[in-house]
Amino acid sequence: MNANAATAHTATTTFQPVLTRHAEAETCADPSSVMTLLGEADGAAGFTSYRSTFAAGAVGAPAHFHTRASELFFVISGSLQVLLGDEIKVLNAGDFLAVPPHTPHAFAAAPGHEADVLFVFTPGMGRFDYLRLLGRVLRGEADVKEIAESGERFDNHYVDSPVWRAALEAAKAQAEQARSAR
């Protein structure tokens with residue numbers, strides 16, 4: 001690297017390299033998914049990254065949007081059902097999706113499938129605290145109101161989506177039908 005390139009690189013980098021070893025990564029779990037917190041760096045050039053594994057039928061996030069962050073999805077294995085605006089898409093292993101700010105979205109394991117997904121948010125804004133809050137709420141250690149109250153801090157703005165509600169109801173009916181057929 002020449003001196004000019006090194007100077008330009010130093011001027012645009014606002015955080016130190018982040019290395020998280022698999023064996024040392026913090027995890028947050030609920031009955032239907034496990035989130036492995038990979039790394040985050042605050043600031044305009046920063047990011048938040050985690051990996052979620054969803055059991056078949058697991059719901060990830062309700063309909064919401066971000067005003068400052070883009071959310072990136074990469075499906076490592078399985079299938080993920082995603083609300084994107086007013087459309088439902090299914091992402092399969094190897095598929096990538098970038099959701100820009102102000103775009104309503106939601107996600108769940110696709111009906112009848114598990115999903116292993118890498119998530120990246122940019123810019124970073126300390127979102128690991130939000131994931132930890134979700135775990136505390138699920139365990140009854142925090143009130144669900146704290147999630148709504150944290151909307152601005154974590155750039156999560158929940159919306160109602162009849163399309164998403166219908167997709168979740170259809171997935172639930174499909175799962176019940178499959179169970180009764182056994």
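Everything below is about the structure printed above this text.
How each quantity is defined
- As a convention, each chain's residues are numbered from 1 in the sequence order in which they are written.
- Only residues with pLDDT of 70 or above have their local features reported here, since the model is predicted, and side-chain atom pairs are shown and tallied only from 80 upward, although totals for entire chains, interfaces and linings are computed over all residues.
- Processing note: side-chain calculations cover all non-hydrogen atoms of the structure and skip hydrogens and water entirely.
- Strands are runs of DSSP state E lasting at least two residues, helices are runs of H or I lasting at least four, and both sets are numbered from the N terminus onward.
- Burial classes: relative accessible area under 20% of the type maximum marks a residue as buried, over 50% as exposed, and values in between as partly exposed (1.4 Å probe, protein chains only).
- Contacts were defined at the residue level, with two residues in contact if any of their heavy atoms lie within 4.5 Å.
- For accessible areas, the Shrake-Rupley method is used with a probe of radius 1.4 Å. Any residue's cover is judged against the shown protein chains and nothing else.
- Positive charges come from Lys and Arg alone, negative charges from Asp and Glu alone, with His and the N- and C-terminal ends not counted.
- All charge positions are set by atom: Lys at NZ, Arg at CZ, Asp at CG, Glu at CD.
- Nine residue types can take part in a nonpolar core, namely buried Ala, Val, Leu, Ile, Met, Phe, Trp, Tyr and Cys, and a core is a set of them joined through side-chain atoms within 4.5 Å.
- Only protein atoms enter the 1 Å grid, on which a cavity is a set of points fitting a 1.4 Å probe that cannot get out and a pocket is an open set with protein on both sides within 12 Å along at least 5 of 7 lines, lining residues being those with an atom within 4 Å of a point.
- Grid points are joined across faces, edges and corners, and a volume is the space filled by probe spheres set on the points.
- Note on residue classes: Ala, Val, Leu, Ile, Met, Phe, Trp, Tyr, Cys and Pro are nonpolar, Asp, Glu, Lys and Arg are charged, and everything else, Gly too, is polar.
- Note on definitions: salt bridges are taken to be side-chain nitrogens of Lys or Arg within 4 Å of carboxyl oxygens of Asp or Glu.

1. Observations regarding the overall build of the protein
On a plain count of helices and strands, the protein comes out with five helices and ten strands. Principal-axis analysis of the C-alpha atoms gives the protein an extent of 70 × 35 × 35 Å. Looking at the protein residue by residue over its 182 residues, the buried ones come to 37%. Across the protein, the fraction of contacts at a sequence separation of at least 24, relative to all contacts at a separation of at least 6, is 69%. Carbon and sulfur atoms provide 56% of the accessible area of the protein, an area that totals close to 10100 Å². Of the charged side chains in the protein, 14 are positive and 21 negative, and the gap between their average positions amounts to 3 Å.

2. Re helix α2 (residues 128-138)
Along α2, the positions that sit buried rather than exposed are Phe-128, Tyr-130, Leu-131, Leu-133, Gly-135 and Val-137. At its buried positions, α2 is contacted by β1 (26-30), β2 (33-41), β3 (47-54), α3 (145-149), α4 (151-154) and β10 (157-158). One or two steps after α2, the chain reaches Gly-140, where phi turns positive at roughly 80 degrees.

3. Structural notes on the nonpolar core
Counting residues in hydrophobic clusters, the biggest one holds 30 residues, and the most contacted among them are Phe-54, Phe-73, Leu-80, Phe-107 and Val-117. Sorting the residues of this core by element identifies β2, β3, β5 (70-84), β7 (96-99), β8 (105-109), β9 (115-122) and α2 as the ones contributing at least two each. Among all residues touching Val-117, those that are not within four sequence positions of it are Tyr-50, Arg-51, Ser-52, Phe-54, Phe-73, Phe-74, Val-75, Ile-76 and Leu-80. One finds Leu-83, Ala-108, Trp-164 and Ala-167 within the second-largest nonpolar core, a separate group that totals six residues.

4. Focus: the layout of surface pockets
In this structure, the largest pocket occupies an estimated 510 Å³ of space. Lining the largest pocket are 30 residues; nearest its centre among them are Gly-60, Ala-61, Pro-62, Tyr-130 and Leu-134. The set of elements that each furnish at least two residues to the lining of the largest pocket consists of β1, β2, β3, β4 (59-65), β9 and α2. Looking at the lining of the largest pocket element by element, the count peaks at six residues for α2. Of the residues contributing to the lining of the largest pocket, the split by class is 19 nonpolar, eight polar and three charged. Considered as a void within the structure, the second largest pocket measures approximately 330 Å³ in volume.

5. Some thoughts on the pattern of salt bridges
Evaluation of the coordinates by the stated rule reveals eight salt bridges. Of the charged contacts, one joins Arg-132 and Asp-129 as a salt bridge, the two residues approaching to 2.9 Å between their closest N and O atoms. Of this pair, Arg-132 and Asp-129 are both found in helix α2, three residues apart, which corresponds to roughly one turn of the helix. By relative accessible area, which is 35% here, Asp-129 ends up partly exposed. For Arg-139, the salt bridge is made with Glu-141, and the minimal N-O distance between the two is 3.1 Å. With relative accessibility at 51%, the residue Arg-139 sits in the exposed group. By relative accessible area, Glu-141 is classed as exposed at 53%.

6. Observations regarding unusual backbone geometry
Most of the time, phi is negative for any residue but glycine, and the peptide bond is trans. Of the consecutive residues Thr-122 and Pro-123, the connecting peptide bond is found in the cis state with omega at 5 degrees. Along the chain, the position of Pro-123 falls in the loop between β9 and α2. Phi at His-102 is positive, roughly 70 degrees, even though this residue is not glycine. When you line up the elements, His-102 lands in the loop between β7 and β8. The phi dihedral of Asp-155 is positive, around 60 degrees, even though this residue is not glycine. With a relative accessible area of 0%, Asp-155 lands in the buried category.

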